[in-house]
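# Analysis of the macromolecular model
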Amino acid sequence: MGKVKIGVFGAKRGMDLIETLLIYPDIEFVAICDRYTPLLDEAREKAKAHNLNITMYENFEDFFQADLDAVVLANYAVEHAPYAIRLMESGRHVLSECLPVQTMKEAVELVEAVERTGKIYNLAENCCFFKNTFEMYRRYRRGDIGEVTYGEGEYVHAIENADEIAKLTYGDPNHWRYKISSSYYCTHSLGPLLYITGLRPVKVVGLEVPNTAFLRECGYTKGTASVTLLELENGAILKNLVGGLRKLPLIWNYQLYGTEGCMETDRWVHHMLNVYTDKEVQGKQGRDYYECKPVFENELTAQIKSHGGADFYAVHYFIQQILGDPDACKYTVDVYKALDMAMPGILAHRSILAGGAPVEIPNMRIREVRDAYRYDIACTDELTAGASVLPISARGKAKIPEETYLRLEKIWNEIKNKEK
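Notes on the structure follow. (Residues numbered from 1 in each chain as written. Predicted model: local features only at pLDDT ≥ 70, side-chain atom pairs only at ≥ 80, totals over all residues. Heavy atoms only, no water.)

This part is about unusual backbone geometry. That bond from Cys 98 to Leu 99 is cis: its omega, 5°, falls within 30 degrees of zero. By the secondary structure assignment, Leu 99 is in the loop between strand E5 (93-96) and helix H5 (104-117). Backbone geometry at Asn 51 places phi at a positive 60°, although glycine is not the residue there. Residue class for Asn 51 comes out exposed when judged on its relative accessible area of 73%. We note that Tyr 170 has phi near 60°; this positive angle belongs to a residue other than glycine. Within the element layout of this structure, Tyr 170 appears in the loop between helix H7 (162-169) and helix H8 (176-179). (Helix = DSSP H or I, 4+ residues; strand = E, 2+ residues; numbered from the N terminus. Buried < 20%, exposed > 50% of the residue type's maximum accessible area, 1.4 Å probe, protein only.)

Our next topic: the pattern of salt bridges. Applying the stated rule across the entire model yields 29 salt bridges. Between Glu 89 and Arg 116 there is a salt bridge, and its shortest N-O distance comes to 2.4 Å. Here Glu 89 is found in helix H4 (residues 80-89), whereas its partner Arg 116 is found in helix H5, with 27 residues between them in sequence. The exposure class of Glu 89 is partly exposed, given its relative accessible area of 48%. Glu 112 is the partner of Arg 367 in a salt bridge, and the nearest nitrogen-oxygen pair spans 3.1 Å. Placement of the pair is Arg 367 in helix H13 (residues 367-370) and Glu 112 in helix H5, with a sequence separation of 255 residues. (Salt bridge = Lys/Arg side-chain N within 4 Å of Asp/Glu carboxyl O.)

Below you can see the structure in the form of structure tokens.
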């Protein structure tokens, strides 16, 4: 196979991945699609700097007709599945940004589209490729701490100022970020733990932090954060925290306890890892404060800085899998792993609404299991769920004055006008 012809749908989040696509030698970067023209202009300038001529599209239907082998989906987080399915059915491979699906029905449809078409589907969960989380992967798979018994993951996203929220939501009360539950966006905190251990979650229990004043000032009606407990197939328990909580810097934090030791990332220094082992590992025993190295290093990885360089690896292994590298699939997040990472967020909300009652997490690898979820469209977005729409919070939807969204819309318009 020659170079992989690839396009990007969604230039805002896609811009970080575009940095890799512009320099990756095994691809022909062909097209970008986004309805916001300043982003296309920015992408065009980046392409010119690399002497590349990339076609820019404002309409997906035009983009869909382009000659592409693969597409990076970086559009709205609740809209990935329908586009992924359509693209695979047209013969394209898909690298999807988070999250893979919005409903359990989409989970069934997505996995069956992958199986039916034989196309490659990967989830670009870049947190799996942080220096510290991938070092945890290496050490866990080497057996340094034995078998996992307990773990924790945190993704605490800063709600810093009105400008940031305006750029994310445009002050549109119907924006997807205002429609999702507190537990939905769970793969950044949970995904690496499942990736490291290779285990499947089988049960989830969820609780919700009440909506707070600073969240309402940003237009959010949901719970501020959620805490979920998950049981893994080996009986181990994971705690997953996702939300805003306070006006703090963005925090990723992960820890695993095993039968022979434990590991924990540094909360503030993202390339450091604390390790304790009961046994001697490579001449060391006991506590080790370890400076982590990248997944691997070469001239390309040195040029990619987005998300600590982690964005590169999701693209790299996807492309290498398309090119037939037999080792690449060891490191990619395929459709089954992607759903294992995402379904706990969807189902945790049902637990939250039921007062913390346990909810089973299905194994989407088994067709007979899927049948129970084939028509399950329940979610917090009324446009998707219709009569099956779920409350966005167990405590009811927080009331937001119309002035809040008008203020954010005004800020967004001012930012937009400066960008033109």
